[in-house]
Structure formats: structure tokens, C-alpha cells
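The residues making up each chain are set out below.
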Amino acid sequence: MRAEAQSHIDRITAALDLIRRFLNWDEAKRRLDELNARVEDPTLWDNPKGAQEVMRERGRLDDAINAVTAIKREMDDTSELIEMADAEGDTDLGDEGLAALGKLAERADADKIKALLAGEADGYDTYIEIHAGAGGTESQDWAEMLLRMYQRWADKRGYKVDMVDYQAGDQAGIKSATLEVKGENAYGYAKTESGVHRLVRISPYDSAAKRHTSFSSVWVYPVIDDDIDIEINEGDLKIDTYRASGAGGQHVNTTDSAVRITHIPSGIIVASQNDRSQHKNRATAMNMLKARMYEAELARREAEASGEYQAKTEIGWGHQIRSYVLQPYQMVKDLRTGVTSPSPDDVLDGALDPFMAAALSQKVTGEKVEVEDVD
């Protein structure tokens, strides 16, 4: 077997093994048989909402199981074709099989991510909230670089992006900002970005051209719908209104339309200034608060299931998930998965999918995942 062909086979096998592990393969097949039987029950649609949930779960499991089966079969057939072509000295046929195996590896990776995006809220739209750390202009400029990075990532995926809140920095950059990103599996992909991001560079604001380290935090939580019931006691809320500042449109600094809500028991703070109407901004902020509380509940359940607990920590040394080094060398490294890129410019222009894919995979294995580094 050619070395390149074996590399593709190893990549496909690893992807399929991860899907099987994530699905709990034997249990998934048993559950699909059960759901297929329920679909045949003529009384299923007596409860339309329940029926839709059954159909969604059945469709997800059926797609995942069929994808694994089909890719495994194609891999075996193509491997036999390559071995036969090499044995007979048919270079063209062997090369054709090798190309097909490479495309199959890409398909297996795509199906792996699709299967991993099967969490309770993964299909939802998402909020991405960015806060500058200590350090004044340096960190505020870094926070704005992160804001652009996520806007570019969303654009590349064809997602729609709205600026919900924007607090301009004192001299440059931003103190904080919140994006609402709308698109299929937006939360499922972006949820792995929550954490502290560290930048190392020669500061453009330092006349001595010294190297600086800056930190900013990212917090990701799903946009939830009315079907999810989150109870909030109005007495636990502190509500402030203020004039919009920054990327807020024509109404900036003319009315106290922006709304900030603090949930006192949890310390969660959300804000909205995207609309001219204070009433609409308050409604948006309340939805954001409910989404943050829902995300906290999802994290608690995941922590209980995995025996781990991860809490939001101070924005500083020792708590970062990723480092972006621009000087003295160029590299982006994810500290959880080990995935690296030698091109920070590409990453800051939105090339985040390899980092997200590795982080999603790690949630299943609990280990650093072997993936190709970003070119």
C-alpha cells in the first residue's frame, strides 16, 4: 500500500472511530431501530411537537450511521482498487484511486464535525461577547482585532452578523462588544471559543517598540427561543439605561436607548444598544440574559457528565485557551488541543475552523486530537 494511501486510510479510520465513540455506536443503532418503530405508529402525530422531536432525532442518527457505513465501504473498495492497480502496474488507475481516497478523507472529516454538532443547543444562532483585559489601549486594540476575526469567520461561513452591543475604547479599540451570529450550527462551532485569548506583539502604541502581551476574553452562548423556559426573578435584576456609544448608528449619543442588565445573584451582565428603542433593547438584553443562564446550565450538565468543571476566570496569565504570537516569530497555538498555525494573519482573518474542529473532537476523547495543523 502506498504511504500516501495509508495516510488517507488512517485519517478516515480516525474520523469514523470518533463518530462511533461519540454516538455510542451500539446504543445508537438500537435507538434508531426504536425510533423507526415509533415512526410507523399511526398515533405519533397526535402530538405534533413530540413527533417533530422524534423525526429530528431519527434523521440525525440515520444520517450519521449511514454516513459511517457508506464511507467505510467506499474506503475498503478504493483501497482494494489501489492495491490491484499497483500490483498490475496501472499507474493511472492507482492515481485515480488515491485521489478518490483523499476526497473520501475530506468527507469523513466533514461528517465527523457534523456528528459532533449534535448537542442540545448546537444548531442555534449564537452570541459572541468580547471583553478587553487589563492593559488599557493595548488590550482594547486586541479586543477589536478579535471582534474583526469573528466577523470574518462568520462571513466565510455565510452567517449573518449583527452588532448587539459596542463599547468603544478610550483611545482605540473596544472595551467590549457583543455579536449575534445567525446561521446553521453557529453556536455549535463557536462554543469552543469561550476563554481568554493572548496576543504577543511589538506594540504600535509604544514609541520604544517593545514587545507587549495583551489579553481579552471571549464568551459564547446560544440564542434561545421561546420554547426554552428560563425563570428570572425581576427583583434579582439591576437595570441601567445609557446613551449608545460606538457602532450604534445615527441614534448614538442622542438618547438613553441602550440598556444594561445585571443579574445580581450570578453577576452576569448583558447589554444591548442595537436599536433606537429602549424597549426593544431591554427585550434583547433580557433574551441575552436568559441565553447566558441557559448556557451556564448546559456547561453544568456537561461538567457533571465529564467529571470536570470549567469556570470563567480572570483575564490574565495562566487562563488562556489560545496564544497569538506576532513577534519575535509568527504562530498561533491552541493550548488545549495543540493545533498550531504559522500564519496569524490568516487566523485573524477568520481561519478558525481547524481550531474549532479539534476542540470539538477533544470534548469526545478527552485528549489532544491528532489533526493537521493549519497551513
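The structure displayed is predicted, hence computed values, not measured ones.

What counts, and at which threshold
- Residues numbered from 1 in each chain as written.
- Predicted model: local features only at pLDDT ≥ 70, side-chain atom pairs only at ≥ 80, totals over all residues.
- Heavy atoms only, no water.
- Buried < 20%, exposed > 50% of the residue type's maximum accessible area, 1.4 Å probe, protein only.
- Helix = DSSP H or I, 4+ residues; strand = E, 2+ residues; numbered from the N terminus.
- Pairing = 2+ DSSP bridges.
- Core = buried A, V, L, I, M, F, W, Y, C linked by side-chain atoms within 4.5 Å.
- Contact = heavy atoms within 4.5 Å.
- Patch = residues over 30% accessible without salt bridge, like charges linked within 9 Å, V, L, I, M, F, W, Y side chains within 5 Å.
- Areas by Shrake-Rupley, 256 points an atom, 1.4 Å probe, with all protein chains shown as cover.
- Salt bridge = Lys/Arg side-chain N within 4 Å of Asp/Glu carboxyl O.
- Lys, Arg positive; Asp, Glu negative; His and termini not counted.
- Charge placed at Lys NZ, Arg CZ, Asp CG, Glu CD.
- pLDDT = per-residue confidence, 0-100.
- Axes fitted to C-alpha atoms, helices over the stretch in contact; angles between N-to-C directions.
- Parallel < 35°, antiparallel > 145°, perpendicular 65-115°, else oblique.
- Left-handed = near helix turned anticlockwise from the far one by under 90°.
- Nonpolar A, V, L, I, M, F, W, Y, C, P; charged D, E, K, R; others polar.
- Expected span 1.5 Å × (residues − 1).

Examining the pairing of strand β5 (residues 211–222)
- Counted residue by residue, β5 has nine buried out of twelve residues, so it is predominantly covered.
- Where strand β1 (residues 126–132) lies against β5, seven bridges are found, and the strand directions are antiparallel. Bridging from a neighbouring strand, threonine 126 pairs with proline 222 of β5.
- Judged from the eight bridges that link them, strand β4 (residues 195–202) and β5 form a sheet pairing that is antiparallel. When the sheet's bridge partners are listed, arginine 198 is paired in β5 with phenylalanine 215.

Section: the nonpolar core
- One finds Ile128, Tyr150, Trp153 and Tyr324 to be the most contacted residues of the largest nonpolar core, which totals 63 residues.
- Of all the elements, helix α5 (residues 137–156) adds the most residues to this core, at eight residues.
- Beyond its immediate stretch of four places on either side in the chain, tyrosine 150 contacts Ile128, Ile130, Leu179, Glu193, His197, Val218 and Leu352.
- One finds Leu44, Met75, Ala105 and Ala115 within the second-largest nonpolar core, a separate group that totals 27 residues.

Structural notes on a negative patch on the surface
- Side chains of Glu88, Asp90, Asp92 and Glu96 sit close together on the surface and give a patch of like negative charge.
- Position of glutamate 88 relative to the elements: it lies in helix α3 (residues 48–88).

Considering the confidence of the model for the chain
- Residues of the chain with pLDDT of at least 70 account for 88%, and the chain-wide mean is 86.
- The secondary-structure element of the chain with the lowest mean pLDDT is helix α7 (residues 278–306), recorded at 80, while helix α8 (residues 344–348) shows the highest, at 97.
- With pLDDT under 50 throughout, residues 248–253 is counted as low confidence; its partners more than four residues away or in other chains account for 13 contacts.
- Low confidence marks residues 369–375, where pLDDT is under 50. Its contacts with residues over four positions away, or in another chain, come to 18 contacts.

A closer look at the sheet that holds strand β6 (residues 237–242)
- A sheet is described by the order of its strands in space; here three strands give the open sequence β6-β7-β8, paired in antiparallel fashion. The open sheet has two edge strands, β6 and β8 (268–272), and neither has a second partner. In this sheet, adjacent strand axes meet at a mean angle of 15° when their direction is disregarded.
- Of the pairings in the sheet, the one linking β6 to strand β7 (residues 258–263) comprises six bridges and is antiparallel in character. The residue bridging leucine 237 from the neighbouring strand is histidine 263, located in β7.

As for the packing of helix α2 (residues 25–39) against α3
- Closest axis-to-axis distance for the α2/α3 pair is 9 Å, and the angle between their directions is 135°. Here α2 is positioned oblique relative to α3, judged by the angle of their axes. Between α2 and α3 lies a crossing whose hand is left-handed. Residues Trp25, Ala28, Lys29, Arg31, Leu32, Leu35, Asn36, Arg38 and Val39 of α2 lie in contact with α3, whose contacting residues are Val54, Met55, Glu57, Arg58, Leu61, Asp62, Ile65 and Val68.
- Here the contact of α2 with α3 is built from residues that sort into ten nonpolar, one polar and six charged.

Describing the sheet that holds strand β11 (residues 340–341)
- A sheet is described by the order of its strands in space; here eight strands give the open sequence β2-β3-β1-β5-β4-β9-β10-β11, paired in mixed fashion. Looking at strand neighbours, the two that pair on one side only are β2 (160–168) and β11, the edges of this open sheet.
- Lying on the sheet, α5 is in contact with β1, β2, β3 (174–182), β4, β5 and β9 (320–325); it crosses β5 at an angle near 45°.

Regarding helix α1 (residues 3–23)
- An ideal rise of 1.5 Å per residue puts 30 Å on 21 residues; α1 measures up with 30 Å between its terminal C-alpha atoms.
- Every buried residue belonging to α1 is among Ala5, His8, Ile9, Ile12, Ala15, Leu16, Leu18, Ile19 and Leu23, and all of these are buried.
- Immediately downstream of α1, the backbone of asparagine 24 shows phi near 60°, a positive value.

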